[in-house]
Amino acid sequence: MLRVRRRSRVRGVPLRREQRARLPLRKSLFGRLLAVSALVAACSVAATAWLAVQTTSGAIKQEQGQNLAADAQIYYTLLGYAATHSTWDGIDSAVHDLARQSGRRIALTTEQRRPLADSATRPSPPALPPEASAIVDPLSVDTALSQTVGRAGVTADRVDPRAVGPFRLPAVERTALQRAADRSVACLNRSGVAADVVRGPSGRPRIEVVGNDPDRMQGTRCASDTLDEPTATERKALGALNRLADACLKRQGRTGVQLNLDLSWGGGPEPMPSAGVSTPSPAPAPSVRTGDDDRATASCVGTARREQLSSYVASPALLFIGDEGGTTVPGFDLSPANTAKIAGAAALVLALTVGATMLAGARLVRPLHALTGAAQRMRDGEDSAPVLVTDDNEIGRLAVAFNDMAAHRARLEGQRKDMVSDVAHELRTPLSNIRGWLEAAQDGLAEPDPAFISSLHTEAVQLQHIIDDLQDLAAADAGALRLHPEPVRIEDVLGQVAAAHQGRAETAGVTLTVLTATAGTPGPELTADPVRLRQAIGNLVSNAVRHTPAGGNVTLHAYGSECADLVVVDVTDTGSGISAVDLPHVFDRFWRAEKSRSRRTGGSGLGLAIVRKLVEAHGGSVSAVSVDGQGSVFTLRLPTDPARTGSGEWGEAGGPGESQGPSTGMSASATGGCERGSGAGGPERAVGGRGSGAGQA
């Protein structure tokens, strides 16, 4: 077993050396920072390139979309002219108006490229491009451009609905149908159905119900047979169209069909909405049924329509739309030269980013390495010099905090060593006395008389006092210090403490007094554990009496704060005071300003630490002010009702992880929201002619 332990110790040194070795680049902060920066740079270059491409593409698409919308509007306007005119005569003025509105050059030619109209204003305009923008043919509509301009109504055979030819109604028939439609609309309005009269391209009116709900017409009795029947003009045109379609079908060896006014066929006319009501579609598409006969019928009806309308519409024309100067949108091609430029720029940005990251990473990692080395030396028990702080940034502040922690750790280690020595000395003295007296009695050198017993009892009490102090502090650190709160009059507590220490004060020649409230003014009350409260105040009084010279004064004074949420207790003594260097440490455990003093003259340094723990257990705070050579005042601030002020839960004091630093100011649980009372003896006034050996409890 001994051999194994020796091997472990031998292995320990190389193990620590391995842990001190530098980390691999892939695990180090420097490597990760470098990788992240390179990744960020690459993503930034890619994102910038993507954003530039998207922005440029979006701008080009937006411009193209605007041009497409303008081109579609031009196309739709010219298509309407061709659908309602048999020739292109007179189109020149319309072309110039469209060019002025759109800012584009518009040229219209025949299919043989014979000019029909051109909006170019130059004497010698640029030549037209080899490919036309569109073909303007009302019998073969470009459905893509029609959808772009937002115009509905193009039938399945791609005939413009404005091309009606022989179906156009004369004025007499239009007037008769309009009157019938007006009567039906008036009837519907009286029945509570909102409707309007809409006129189609042929001049036939139809009724549209507001909300597109024709079922609301049922039961109104506002139907008109006149609107349901074709006029003489329509019957004539429909008959001619039916003959053309039948001739086409007969050439294919198929039977003829009977066409209806909506160009449907078979089984008689499709039921039409009463009173001429129709859906929003201006020209319903023919019903396409499955089977070869239906497909052949649809084809023949389309062919017959184009043959019938050919003499009523203008001949097809080529449409050219472009800029006035013949320019085009500039582009950017990814040629090998441009690709090389992009790759070079991206590599340069990446190299600059990596270089800057290496410089910044080196400056960032260097102090971290120093901190790591200092921490490892501290772990190995070696003396570690403070880490050099060069910058006031996050790393610099980390180094400052580390140096403070190291100094605090060294101070605690020194206090621990001193505590072990002090406790051993404090316990050894009474134990040695007890042993000496007992051995003397055993050897017959001392008689066990009352004086002998009293001496042994005194030493035992002193030993018990040391053990009780250690036990109280350990219980407070472990969170096991229990409190039993009850309503307490602070003046009664001060009186009890003063009575308990009056004999010692008189023996030392010190005047111990309690300042009471003025007549008619009740003393402050609070909720606290009276035993623990007397212990805390008693430690302060004992400490003050012990270190106040003969002829001096120790004064106890209690008063309430202005908000009546705190009870303030001042313990004032006269004597040599505490130096400014020692004052911040008076509440540290096992700390004594004079290391050479024994328990009989100075104490072990536990009394004030216990005072702080007991006061904090009540939700209060303790502080000390002193002027070296003049005097000291120890002040307790206790909440009158910790449960109401939110000072914490009763029953436990502190815990193992509680801060061990000095408590020389108000704690958050006892500060309140207003100024404290400034009664006589308060810490706010100047301290003069008073002192104590505070910190040596």
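Provided above is the structure to which this section pertains.
The structure displayed is predicted, hence computed values, not measured ones.

So, how was this worked out
- Residues numbered from 1 in each chain as written.
- Predicted model: local features only at pLDDT ≥ 70, side-chain atom pairs only at ≥ 80, totals over all residues.
- Heavy atoms only, no water.
- Helix = DSSP H or I, 4+ residues; strand = E, 2+ residues; numbered from the N terminus.
- Buried < 20%, exposed > 50% of the residue type's maximum accessible area, 1.4 Å probe, protein only.
- Areas by Shrake-Rupley, 256 points an atom, 1.4 Å probe, with all protein chains shown as cover.
- Pairing = 2+ DSSP bridges.
- Axes fitted to C-alpha atoms, helices over the stretch in contact; angles between N-to-C directions.
- Contact = heavy atoms within 4.5 Å.
- Phe/Tyr/Trp six-rings, centres within 6.5 Å; stacked < 30°, edge-to-face > 60°.
- Lys NZ or Arg CZ within 6 Å of the ring centre and 35° of its normal.
- Expected span 1.5 Å × (residues − 1).
- Polar contact = N/O pair within 3.5 Å; in protein donor to acceptor, adjacent residues only side chain to side chain.
- Parallel < 35°, antiparallel > 145°, perpendicular 65-115°, else oblique.
- Left-handed = near helix turned anticlockwise from the far one by under 90°.
- Nonpolar A, V, L, I, M, F, W, Y, C, P; charged D, E, K, R; others polar.

S.K.: Would you explain the overall build of the chain in this entry?
M.R.: The secondary structure content of the chain amounts to 15 helices and 13 strands. Taken over 697 residues, the chain has a buried fraction of 39%. Accessible surface computed for the chain: about 38000 Å², of which carbon and sulfur atoms make up 56%.

S.K.: Can you walk me through the sheet that holds strand β2 (residues 115-118) in this structure?
M.R.: Each strand in a sheet pairs with its neighbour through backbone hydrogen bonds, running either in the same direction (parallel) or in the opposite one (antiparallel). Pairing in this open sheet of four strands is antiparallel, and the strands run β2-β1-β6-β3 from one edge to the other. Among the strands making up the open sheet, the edge pair consists of β2 and β3 (134-136). Across the sheet, the mean angle from the axis of one strand to that of its neighbour is 25°, orientation sign disregarded. Pairing geometry for strand β1 (residues 105-110) and strand β6 (residues 317-322), over six bridges, is antiparallel. By the bridge assignment, Thr-110 is partnered in β6 with Ala-317.

S.K.: When you look at the sheet that holds strand β8 (residues 511-515) in this model, what are you seeing that I'm missing?
M.R.: An order of β8-β10-β11-β13-β12 is seen for the five strands of this open sheet, with the pairing classed as mixed. Each of the sheet's edge strands pairs with one partner strand only, and the pair in question is β8 and β12 (621-627). Each strand axis lies, on average, 15° off the axis of its neighbour in the sheet, ignoring direction. Relative to strand β13 (residues 631-639), β12 runs antiparallel, the two sharing seven bridges. Looking across to β13, one finds that Ala-624 is bridged to Phe-634. In the packing of helix α14 (residues 607-617) onto the sheet, the strands contacted are β12 and β13, and the crossing angle to β13 comes to about 25°.

S.K.: Explain the packing of aromatic side chains to me, please; I cannot follow it from the model alone.
M.R.: Describing an aromatic ring pair means giving the distance of the ring centres and the angle of the ring planes. Tallying each qualifying case throughout the model produces three aromatic pairs. Each ring, one from Tyr-81 and one from Trp-88, has its centre 6.1 Å from the other, and the planes form 20°; the classification is stacked. Assessed through its relative accessible area of 8%, Trp-88 is described here as buried. With a centroid separation of 5.6 Å and an interplanar angle of 80°, the aromatic rings of Trp-437 and Phe-452 are classed as edge-to-face. Here Phe-452 lies in helix α11 (residues 450-477) and Trp-437 lies in helix α10 (residues 394-442), a separation of 15 residues in the sequence. Seen from the ring of Tyr-76, Arg-162 lies directly overhead, with NZ or CZ sitting 3.9 Å from the centre.

S.K.: Sorry if this is basic, but what is going on with helix α12 (residues 490-508) here?
M.R.: One turn of the α-helix equals 3.6 residues, which is why residues spaced by three or four share an orientation. The end-to-end C-alpha distance of α12, which contains 19 residues, comes to 26 Å, matching closely the 27 Å that a straight helix rising 1.5 Å per residue would cover. Buried residues along α12 sit against β7 (486-489), β8, β9 (525-528), α13 (530-546), β10 (553-560) and β11 (566-574). Of the residues flanking the end of α12, it is Gly-509, one or two places downstream, whose phi is positive at about 75°.

S.K.: For this particular structure, what's the right way to read the environment of Arg-100?
M.R.: Mapping Arg-100 onto the fold places it in helix α3 (residues 91-102). Since its relative accessible area comes to 61%, Arg-100 is described here as exposed. Distance from Arg-100 to Ser-119, taken between C-alpha atoms, is 8.6 Å for residues 19 residues apart in sequence. Polar contacts involving the side chain of Arg-100 include one to the side chain of Asp-97, which spans 2.7 Å.

S.K.: What exactly am I supposed to notice about the environment of Gln-308 here?
M.R.: Assignment of secondary structure puts Gln-308 in helix α8 (residues 292-309). In this structure, the C-alpha to C-alpha distance between Gln-308 and Val-164, residues 144 residues apart in sequence, is 9.7 Å. With sequence-adjacent residues up to four places away left out, Gln-308 is seen in contact with Pro-166, Phe-167, Ala-237, Ala-240, Leu-241 and Leu-244. At 3.0 Å, the side chain of Gln-308 forms a polar contact with the backbone oxygen of Ala-237.

S.K.: Could you clarify how one ought to interpret the packing of α11 against α14 in this entry?
M.R.: Each pair of packed helices can be described by the angle between their axes along with the distance between the axes. At a minimum axis separation of 10 Å, α11 and α14 run at an interaxial angle of 40°. If you check the angle between α11 and α14, you find them oblique. The two elements α11 and α14 cross, and the hand of that crossing is left-handed. On the side of α11, the interface is formed by Asp-469, Asp-472, Leu-473, Ala-476 and Asp-477, while α14 contributes Ala-609, Ile-610 and Lys-613. Across the contact of α11 with α14, the residue classes break down as four nonpolar, no polar and four charged.

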